[in-house]
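Descriptive structure summary
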Amino acid sequence: VLVPMQLAYIGLGSNLEQPREQIKRALQSLGELPETKLLDDSGFYESKPMGPSDQPDYVNAVAELETALDAETLFRHCQSIEQQQGRIRQRHWGERTIDLDVLLYGQEQIDTTDLTVPHPGIGQRDFVYLPLLKISPDIVIPGKGALKEIVQSCASDETDYACTFAGNIK
Ligand code: ROI
């Protein structure tokens with residue numbers, strides 16, 4: 001049978017154990033998922049922690065995937081990549097080796113106990129929307145409109161983690 005391919009965007013974040021290596025490894029794993037192609041990545045971004053400030057700065061990135069996996073299956077794969085890379089849940093909003101968030105999955109809107117898509121933080125976190133807009137400047141958030149417009153209408157002090165581009169991923 002023919003399974004429609006969807007565009008999906010994954011947000012990646014790390015602030016432990018060589019963050020750039022963690023991001024690279026997770027991108028490689030995403031590219032090796034079944035029925036999935038890694039189409040693009042944003043490059044590295046650096047940002048100040050959202051949450052407790054006594055933790056290292058973050059390295060963030062966004063990946064663009066084309067996939068035949070459904071959103072729930074993609075989400076489970078993301079969780080297993082986090083586990084492979086030794087993600088240990090410590091304190092709330094604390095440091096982590098790798099975090100993978102399903103930001104967008106096609107035009108779908110999903111609200112289950114463990115998965116909310118579009119990710120509710122997209123318009124409020126510069127470390128999510130800056131790398132996302134770099135890949136896809138005209139991206140539309142289902143139910144909300146053009147991301148560019150959403151970001152402009154949001155007070156910048158609520159979205160500012162001093163996120164800046166920090167180089168291509170080789
Ligand atoms: N802060 C930044 N800057 N980047 C992240 O990826 C990130 N991820 C998180 C919390 C702890 C909320 N803070 C973050 O999960």
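Provided above is the structure to which this section pertains.
Residues numbered from 1 in each chain as written. Predicted model: local features only at pLDDT ≥ 70, side-chain atom pairs only at ≥ 80, totals over all residues. Heavy atoms only, no water.

Helix and strand counts for the protein come out as four helices and 10 strands. Counted from the first residue to the last, the protein has its helices and strands arranged as β-α-β-β-β-α-β-β-β-α-β-β-α-β. The C-alpha atoms of the protein give 15 Å as radius of gyration, which agrees with the globular expectation for 170 residues (15 Å, within 12%). C-alpha atoms of the protein, sized along the principal axes, occupy 50 × 40 × 35 Å. Looking at the protein as a whole, 50% of its 170 residues qualify as buried. For the protein, the proportion of contacts with a sequence separation of at least 24, taken over those separated by at least 6, is 72%. As displayed, the protein offers around 8800 Å² of accessible surface, 50% of which is attributable to carbon and sulfur atoms. (Helix = DSSP H or I, 4+ residues; strand = E, 2+ residues; numbered from the N terminus. Rg over C-alpha atoms; globule rule 2.2 N^0.38 Å. Buried < 20%, exposed > 50% of the residue type's maximum accessible area, 1.4 Å probe, protein only. Contact = heavy atoms within 4.5 Å. Areas by Shrake-Rupley, 256 points an atom, 1.4 Å probe, with all protein chains shown as cover.)

Okay, the site of the ligand next. Taken together, Gly13, Ser47, Lys48, Pro49, Met50, Tyr58, Asn60, Trp93, Gly94, Arg96, Asp99 and Phe127 make up the full set of residues adjacent to the ligand. Within the side chain of serine 47, an N or O atom sits 2.8 Å from a nitrogen atom of the ligand. Measuring from an oxygen atom of the ligand, one finds a side-chain N or O atom of aspartate 99 at 3.4 Å. About the coverage of the ligand: the protein hides 94% of its 350 Å² of free accessible area. Comparing atom positions with the cavity grids shows the ligand to sit within the largest pocket. (Near = heavy atom within 4 Å. Polar contact = N/O pair within 3.5 Å; in protein donor to acceptor, adjacent residues only side chain to side chain. 1 Å grid on protein atoms, 1.4 Å probe; cavity = no way out; pocket = protein on both sides within 12 Å on 5 of 7 lines; lining within 4 Å. Sits in = over half its atoms within 2 Å of the grid points.)

Another aspect to go through is unusual backbone geometry. Put simply, valine 117 and proline 118 share a cis peptide bond, and its omega is -5°. Checked against the element boundaries, proline 118 lands in the loop between strand E7 (116-117) and helix H3 (126-135). Phi is positive for glutamine 18, close to 60°, though the residue is something other than glycine. Here glutamine 18 shows up in the loop between strand E1 (6-14) and helix H1 (19-31). For tryptophan 93, which is not a glycine, the phi torsion comes out positive at approximately 60°. Following the sequence through the fold, tryptophan 93 ends up in the loop between helix H2 (71-84) and strand E5 (99-105).

Before going further, it helps to spend a moment on the nonpolar core. In summary, soluble globular proteins display a tendency toward joint burial of nonpolar side chains. Core analysis: the biggest nonpolar cluster contains 28 residues, and Ile10, Leu12, Ile23, Leu30, Leu74 and Leu100 have the highest contact counts within it. At the level of elements, E1, H1, strand E4 (58-67), H2 and E5 are the ones that each hand at least two residues to this core. When residues of this core are assigned to their parent elements, the largest contribution, five residues, is made by H2. With residues up to four places along the chain from it excluded, the contact list for leucine 12 reads Ile23, Ala26, Leu27, Leu30, Val59, Asn60, Ala61, Val62, Ala63, Asp99 and Leu100. Core analysis: the next-biggest nonpolar cluster, separate from the first, contains 20 residues, Tyr45, Met50, Leu103 and Leu104 among them. (Core = buried A, V, L, I, M, F, W, Y, C linked by side-chain atoms within 4.5 Å.)

We now examine the layout of surface pockets. Empty space within the largest pocket amounts to approximately 840 Å³. At the level of elements, E1, E4, H2, E5 and H3 are the ones that each hand at least two residues to the lining of the largest pocket. The biggest single contributor to the lining of the largest pocket is E5, with five residues. Looking at the lining of the largest pocket, its residues break down into 16 nonpolar, 10 polar and 11 charged. Considered as a void within the structure, the second largest pocket measures approximately 170 Å³ in volume. Residue lining of the second largest pocket: 13 residues in total, with Pro118, His119, Pro120, Ile141 and Lys144 positioned closest to the centre. (Points joined across faces, edges and corners; volume = space filled by probe spheres on them. Nonpolar A, V, L, I, M, F, W, Y, C, P; charged D, E, K, R; others polar.)

Per the stated rule, a full pass over the model turns up two aromatic pairs. Relative to phenylalanine 165, the ring of tyrosine 45 has its centre 5.4 Å away and its plane inclined at 70°; by these criteria the two rings are edge-to-face. Residue tyrosine 45 is located in strand E3 (residues 45-47), and its partner phenylalanine 165 is located in strand E10 (residues 164-165); the two are separated by 120 residues in the primary sequence. With a centroid separation of 5.5 Å and an interplanar angle of 65°, the aromatic rings of phenylalanine 127 and tyrosine 161 are classed as edge-to-face. You can see phenylalanine 127 sitting in helix H3 and its partner tyrosine 161 sitting in the loop between helix H4 (147-152) and E10, a full 34 residues away along the chain. Classification of tyrosine 161 by relative accessible area gives buried; the value is 17%. (Phe/Tyr/Trp six-rings, centres within 6.5 Å; stacked < 30°, edge-to-face > 60°.)

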